[in-house]
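Breakdown of the fold
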Amino acid sequence: MKKYGIIYCGYNTEDYVLKSIEPFLNRENYIVSAVSVPFKEYKGIDQLHDHTTDLLRELVEQKKLKYLVDSPQYVTEAEARNFALFYLKKYNLDYIWLVDSDEFYSDEDITKIENYVESSNKNLFKISLKNHVFDSKHYLEEPFCPPRIFKTNIDDKYFLEAFYWDNDICYGHEGKLMKYDSIEELEIIPKDVAYIPHYTWLNDRIGKRKVEYQHRHFGHCGYKWNYENHSLEFDEDFHKKNNIPLPKVLCSE
């Protein structure tokens, strides 16, 4: 049985946190290391502090969650993930799997993804996320496919080391660090294997904060917040300026 280390990242998502982390807590071949700190982009603008960290602390006290990092505050996304990775390196794990608190896996999803990954001749994987927008009934036609699963040891040649930017990780090789995309192209786990609901771009406080985060983190965003209507919408000027078509939105009903 292959062993997985989960890096669970969540902050100010108390509505989601227990639902999204629970499927990973009771699997015997999994060790979950969580991090709950605000990223540096929220410093000075983030006035929202909910009970996400408290809920995760309770899971540690109940011995359901192995590790929780809740300090220091206002670090980069990569730094936050590295704090969680530090604990997982103590174990002989086959894969590191990134899970954010706005992603919702079922037990069946996890099993199917395990089977796919372990039967593949690839070592690095993206997961197909069903990117819900505006409300829980609508979603983007194209899946959102971020890097999510990394083999820790590739052919006894490349050894997983650390995150250097967001979801991007590097490997050690002959005393040097190599970015993952210089080793192998990531394989996308198809949505017919598992299509994971992803709730970030909704008409709520999290969606509003995400627009602010994107502008500070990347300097741009394909969405904007309509303060008059208190709702999220596509930023048409951004798409025109960058010659990008507006995403197609589908309805589940």
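Refer to the structure presented above.
Residues numbered from 1 in each chain as written. Predicted model: local features only at pLDDT ≥ 70, side-chain atom pairs only at ≥ 80, totals over all residues. Heavy atoms only, no water.

Turning to the overall build of the chain, a few remarks are in order. Each helix and strand in the chain was counted, giving six helices and 17 strands. Relative to the compact-globule value of 18 Å for 253 residues, the chain shows a C-alpha radius of gyration of 18 Å, a close match. For the chain, the spread of C-alpha atoms along the three principal axes comes to 55 × 40 × 40 Å. Burial analysis of the chain (253 residues in total) assigns 51% to the buried set. Long-range pairs, those at least 24 residues apart, make up 68% of the contacts in the chain between residues at least 6 apart in sequence. Surface accessibility of the chain: about 13000 Å² in total, with carbon and sulfur atoms responsible for 47%. (Helix = DSSP H or I, 4+ residues; strand = E, 2+ residues; numbered from the N terminus. Rg over C-alpha atoms; globule rule 2.2 N^0.38 Å. Buried < 20%, exposed > 50% of the residue type's maximum accessible area, 1.4 Å probe, protein only. Contact = heavy atoms within 4.5 Å. Areas by Shrake-Rupley, 256 points an atom, 1.4 Å probe, with all protein chains shown as cover.)

Scanning all chains against the criterion turns up 22 aromatic pairs. Here phenylalanine 86 and tyrosine 87 contribute two aromatic rings whose centre-to-centre distance is 5.5 Å and whose plane-to-plane angle is 80 degrees, an arrangement assigned as edge-to-face. What makes tyrosine 87 partly exposed here is its relative accessible area of 25%. Both rings, one in tryptophan 201 and one in tyrosine 223, keep their centres 4.1 Å apart while their planes meet at 10 degrees; by these two values the pair is stacked. (Phe/Tyr/Trp six-rings, centres within 6.5 Å; stacked < 30°, edge-to-face > 60°.)

Further remarks concern the sheet that holds strand 10 (residues 158-165). With antiparallel pairing, the four strands of this open sheet are ordered in space as 9-10-11-12. Two strands close off the open sheet at either side, each with one partner strand: strand 9 (153-154) and strand 12 (176-179). Sheet analysis places strand 9 next to strand 10, joined by two bridges and oriented antiparallel. Residue pairing across strands places asparagine 153 opposite phenylalanine 159, the latter belonging to strand 10. (Pairing = 2+ DSSP bridges.)

Here we come to the sheet that holds strand 3 (residues 67-69). Read across the open sheet, the seven strands follow the order 3-2-1-4-8-5-13; overall the sheet is mixed. Looking at which strands have only one partner, the edges of the open sheet turn out to be strand 3 and strand 13 (187-189). Taken pair by pair, the neighbouring strands of this sheet meet at an average axis angle of 25 degrees, ignoring direction. Of the strand pairs in this sheet, strand 1 (residues 4-9) and strand 4 (residues 95-100) are connected by six bridges, and their pairing is parallel. Within the sheet, the bridge partner assigned to isoleucine 6 lies in strand 4 and is tryptophan 97. In the packing of helix 3 (residues 77-88) onto the sheet, the strands contacted are strand 1, strand 2 (30-35), strand 3 and strand 4, and the crossing angle to strand 1 comes to about 150 degrees. (Axes fitted to C-alpha atoms, helices over the stretch in contact; angles between N-to-C directions.)

Bringing the environment of lysine 176 into the picture now. Here lysine 176 is to be found in strand 12. Remark: the alpha-carbon pair of lysine 176 and tyrosine 158, spanning 18 residues in sequence, is separated by 9.9 Å.

Formed by 29 residues in total, the largest nonpolar core has its most connected members in Trp97 and Ile113. Those elements that place two or more of their residues in this core are strand 1, helix 1 (17-25), strand 2, helix 2 (52-61), strand 4, helix 4 (107-119) and strand 5 (124-127). For this core, the element with the most residues is helix 1, which contributes four residues. Beyond its immediate sequence surroundings of up to four residues, isoleucine 113 is in contact with Trp97, Tyr105, Ile127, Ile149, Ile189, Ala194 and Ile196. Listed in part, the 28 residues of the second largest apolar core include Ile7, Tyr42, Leu124 and Ile154. (Core = buried A, V, L, I, M, F, W, Y, C linked by side-chain atoms within 4.5 Å.)

As paired strands, strand 15 (residues 223-226) and strand 16 (residues 231-234) are joined by four bridges and run antiparallel to one another. Counterpart to tryptophan 225 in the pairing with strand 16 is leucine 232. Connecting strand 15 to the next strand, strand 16, in antiparallel fashion are four residues, including histidine 230 with a positive phi near 55 degrees.

On to the pairing of strand 4, then. Buried residues dominate strand 4, accounting for six of its six residues. Alternating residues of strand 4 divide into Tyr95, Trp97 and Val99 and Ile96, Leu98 and Asp100, and every residue in both groups is buried. Pairing of strand 4 with strand 8 (residues 147-151) involves three bridges; the strand directions are antiparallel. Looking across to strand 8, one finds that isoleucine 96 is bridged to phenylalanine 150.

Mapped onto the elements, isoleucine 154 comes out in strand 9. What makes isoleucine 154 buried here is its relative accessible area of 2%. Apart from residues lying up to four places away in sequence, isoleucine 154 is in contact with Asn123, Leu124, Tyr171 and Ile183.

Attention shifts here to the environment of valine 133. Within the secondary structure layout, valine 133 lies in strand 6 (residues 129-134). With 116 residues separating them along the chain, valine 133 and valine 249 place their C-alpha atoms 7.9 Å apart. Those residues in contact with valine 133 that sit more than four places away from it in its chain are His138, Tyr139, Leu140, Trp201, Leu202, Tyr223 and Val249.

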